[in-house]
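Okay, here's what each chain looks like letter by letter:
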Amino acid sequence: MILITGGTGFIGKYLLDDMIKKGYDIRLLVRNGSRPPELNSKKIEIFYGDATKIDSMKGIEKDIDVLVHMVGAISLNPEENFLANTTATKNIVKLCKEVDRMVYTSSADVYGPTKGKVDESSSPHPNNPYGKSKIDAEKIIFVSGIPAIIFRPTIVYGIGSPWWKYGMSLLKFGFVPDTDSVTQVVHVKDVSRALCIGVKKGRGIFNLADPEPMGLKEIFSLIVTLMGKKPMVVPTWLVMLASALMNKRQYFEVAMTNRSFSIEKAEKKLKWRPECDFNTEFRKMVDWYKSM
Ligand SMILES: NC(=O)c1ccc[n+]([C@@H]2O[C@H](COP(=O)([O-])OP(=O)(O)OC[C@H]3O[C@@H](n4cnc5c(N)ncnc54)[C@H](OP(=O)(O)O)[C@@H]3O)[C@@H](O)[C@H]2O)c1
């Protein structure tokens, strides 16, 4: 049986669909007050609990062979990150120390800003509380001795993404920062496929990203264009000033981080390669936003 935590989130919903198709027996951690997904499968058992409160998860580990741990918070608030990423991981690892293997969604944010492509052997230098809390969570997993595969996805896009939804709500005004930064994204279906591979094989750390980085200015301009507007490229300091006045400066700082990652290890060892076409899937995501 597979235990999935964080299965009610953006990536989790895609993963759950894929896992149901594969016919796995699944136990799903769901927070009290959170709506369990509508399930057409009798092979999913709901376990109500809060990953930050170990007592609420007693017994969750019974009969579990594989743990897929995705509980997390992508927040700029250090306290929120620490609880959802580090404390939650500490708790679940403590309860599930006897599982055969563990799959964990860390983040490429652990690297911090990159100069050139970084691979999994590069030292982490996280520059925000989220990345720091993810590195702490990874250390907890390593020390536990549980056979684990740790994925470091870059920014994930696709229909349902709360991160991009927020970004699009800022970009709808049409202003695009004149930045030379590059970023590398990855589609949620490609991430879900990697997680499914991770359930079966692989040990250690693996970056997940599309093969090549793209200019942030180009991505932001594409969003504005797909929204039916003409992008207005403005100096970065002006965007920073405007976002500070809207109390959203930190979001832009994180979004504008230079990111470039090598995925050679995942290609070689897991035979994973992104399959989703950026232009097609990005348009679908913007259409989803516009339809809300
Ligand atoms: N999206 C990205 O771009 C990205 C990139 C790299 C890594 N990741 C990592 O991938 C994982 C999933 O990301 P996501 O985008 O799917 O995030 P998400 O949509 O915010 O989902 C987070 C999941 O964690 C659950 N959760 C949070 N706190 C919990 C708690 N105390 N107890 C139980 N469940 C709790 C949420 O449950 P509720 O439904 O109750 O809120 C939800 O299922 C996270 O660990 C994230 O850090 C994401």
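Please read all numbers here as calculations on a predicted model, not as lab measurements.

*Asks:* So what exactly am I meant to see when it comes to the pairing of strand β6 (residues 148-153) here?
*Replies:* Regular strands have side chains that alternate between both faces of the sheet. Among the six residues of β6, six are classified as buried, and the element is accordingly described as predominantly covered. The two faces of β6 match: A148, I150 and R152 on one face and I149, F151 and P153 on the other face are all buried. Note that β6 and strand β11 (residues 204-208) share five bridges and pair parallel. Bridge pairing in β11 places I150 opposite I205.

*Asks:* I tried to follow the packing of helix α2 (residues 78-95) against helix α3 (residues 129-144) on my own but got confused; where do I start?
*Replies:* Each pair of packed helices gets described by two things: the angle between the helix axes and the distance between those axes. For the pair α2 and α3, the least separation of the axes is 8 Å and the interaxial angle reads 10 degrees. When the axis of α2 is compared with that of α3, the two are roughly parallel. Here α2 contributes P78, N81, F82, N85, T86, T89, K90 and V93 to the contact with α3, which in turn contributes P129, Y130, S133, K134, D136, A137, I140, I141 and S144. Of the residues contributing to the contact of α2 with α3, the split by class is eight nonpolar, six polar and three charged.

*Asks:* Looking at this model, I keep getting lost on the site of the ligand. Mind explaining?
*Replies:* The full set close to the ligand counts 26 residues, and T8, G9, S34, G72 and V156 are the nearest of them. Element by element, the count of residues in the shell around the ligand is highest for helix α1 (residues 10-22), at three residues. Classifying every residue of the shell around the ligand gives 15 nonpolar, nine polar and two charged.

*Asks:* Explain the pairing of strand β2 (residues 26-30) to me, please; I cannot follow it from the model alone.
*Replies:* Taken across its five residues, β2 has four buried, putting it largely inside the fold. Pairing of strand β1 (residues 2-5) with β2, which is carried by three bridges, proceeds in the parallel orientation. Looking at the pairing, I4 lines up with L28 of β2. Crossover handedness for the path β1 to α1 to β2: right-handed. Relative to strand β3 (residues 44-48), β2 is paired through five bridges, and the arrangement is parallel. The partner of I26 across the bridge, within β3, is I44.

*Asks:* Hey, could you run me through unusual backbone geometry in this one?
*Replies:* Only a minority of non-glycine residues have a phi that is not negative, and only a minority of peptide bonds are not trans. One non-glycine residue, D63, lies in the positive phi region at around 65 degrees. Structurally, D63 is set in the loop between β3 and β4 (66-69). Owing to 9 C-beta atoms within 10 Å, D63 belongs among the exposed residues under this scheme. At K271, a position not held by glycine, the phi torsion is positive, near 60 degrees. Mapping K271 onto the fold places it in the loop between α9 (264-270) and α10 (278-290). Overall, K271 belongs to the exposed group, with 9 C-beta atoms counted inside 10 Å.

What counts, and where the lines are drawn
Residues numbered from 1 in each chain as written. Predicted model: local features only at pLDDT ≥ 70, side-chain atom pairs only at ≥ 80, totals over all residues. Buried ≥ 20, exposed ≤ 12 C-beta atoms within 10 Å, placed from the backbone. Helix = DSSP H or I, 4+ residues; strand = E, 2+ residues; numbered from the N terminus. Pairing = 2+ DSSP bridges. Axes fitted to C-alpha atoms, helices over the stretch in contact; angles between N-to-C directions. Parallel < 35°, antiparallel > 145°, perpendicular 65-115°, else oblique. Contact = placed C-beta atoms within 7 Å. Nonpolar A, V, L, I, M, F, W, Y, C, P; charged D, E, K, R; others polar. Near = placed C-beta within 6 Å. Right-handed = clockwise from strand over helix to strand, strands pointing away.

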